[in-house]
Amino acid sequence: FAALLGVVYALQWFGQGHPPLLLVILAGAVMVIDSFALTATSIFRGWQNLWFESVVIVLNKVFILSLGAILLYFWPSSLIAALAILIGSAISFLLLFYFIKWRLHLSWRLGLNKAIVIELKRLALPFALANIFAAVYAYSDSVLLSILQGNQAVGLYSVAAKTMNAFQFIPSAFMAAVFPAMSNYYRSAPQKL
């Protein structure tokens, strides 16, 4: 939520020539929903069960492609495309939490243990800092290019960058499958680790 507010504030600061505020809010809502969905996928990864995550990802992509194509055929606009992605993300989120409730029988009620929260914050801080700096490093080029050359230059640059980074899902999938197993082996079978 803080990142979404930061993006909306930055949009107001940069002024004209940038995406409409509603488009940014829709994209930010997708970002927030996807962050909660990532929490759900992390639970399944911790249980070393990637089946549910895989099913939800495939359904998400098929749904977004189908709904997006239909909606864009009748009402072609960037807002409609963002709306299709938002609906797909919301459905993925609901499916993942349904699977958590059904498969793991977890309660929907929040229960916070102060000692555990403090310990998790302490353990998560290095990862949070690493991700913040990685995100700044990954996106600062587009922001600077937008300021210096405008949105058209960013569009051309982004197409080339996305093409180059298209196959990052392969190491990500490998990492999602191997890291929880390594963590489990660290405790249960160090010789296998």
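Higher on the page you've got the structure.
Residues numbered from 1 in each chain as written. Predicted model: local features only at pLDDT ≥ 70, side-chain atom pairs only at ≥ 80, totals over all residues. Heavy atoms only, no water.

Colleague: Mind showing me how you'd approach the packing of helix H2 (residues 21–46) against helix H4 (residues 78–104) here?
Modeller: In a pair of packed helices, the angle between the axes and the distance between the axes together describe the arrangement. Where H2 contacts H4, the axes come no closer than 9 Å and their chain directions differ by 20°. Comparing their axes, H4 and H2 come out roughly parallel. Pair H2 / H4 crosses with left-handed handedness. Of the residues in the contact of H2 with H4, the class split is 23 nonpolar, three polar and two charged. (Axes fitted to C-alpha atoms, helices over the stretch in contact; angles between N-to-C directions. Helix = DSSP H or I, 4+ residues; strand = E, 2+ residues; numbered from the N terminus. Parallel < 35°, antiparallel > 145°, perpendicular 65-115°, else oblique. Left-handed = near helix turned anticlockwise from the far one by under 90°. Nonpolar A, V, L, I, M, F, W, Y, C, P; charged D, E, K, R; others polar.)

Colleague: Quick question: what am I supposed to make of the nonpolar core here?
Modeller: Core analysis: the biggest nonpolar cluster contains 10 residues, these being Ala37, Ala40, Phe44, Phe52, Val56, Leu96, Phe97, Phe99, Ile100 and Leu104. Going through the elements one at a time, H2, helix H3 (51–74) and H4 are the ones with two or more residues in this core. Not counting residues within four places of it along the chain, the set of residues in contact with Ala40 comprises Leu96, Phe97 and Ile100. Core analysis: the second largest hydrophobic core is formed by six residues, Leu23, Val30, Ile33 and Leu86 among them. (Core = buried A, V, L, I, M, F, W, Y, C linked by side-chain atoms within 4.5 Å. Buried < 20%, exposed > 50% of the residue type's maximum accessible area, 1.4 Å probe, protein only. Contact = heavy atoms within 4.5 Å.)

Colleague: Where do I start with the packing of aromatic side chains in this structure?
Modeller: How two aromatic rings sit relative to each other is given by the distance of their centres and the angle of their planes. Evaluated as defined, the whole model comprises 10 aromatic pairs. Measuring from ring centre to ring centre gives 6.3 Å for Phe99 and Trp102, while their planes differ by 50°; the resulting arrangement is tilted. Taken together, the residues span about one helical turn, with Phe99 and Trp102 both in helix H4 at a distance of three residues. On the basis of relative accessibility, which here comes to 48%, the residue Trp102 falls in the partly exposed class. Here a set of aromatic residues connected by ring pairs shows up, and it is made of Phe44, Trp51, Phe52, Tyr98, Phe99 and Trp102. (Phe/Tyr/Trp six-rings, centres within 6.5 Å; stacked < 30°, edge-to-face > 60°.)

Such coordinate-based values are descriptive only and should not be taken to indicate function.
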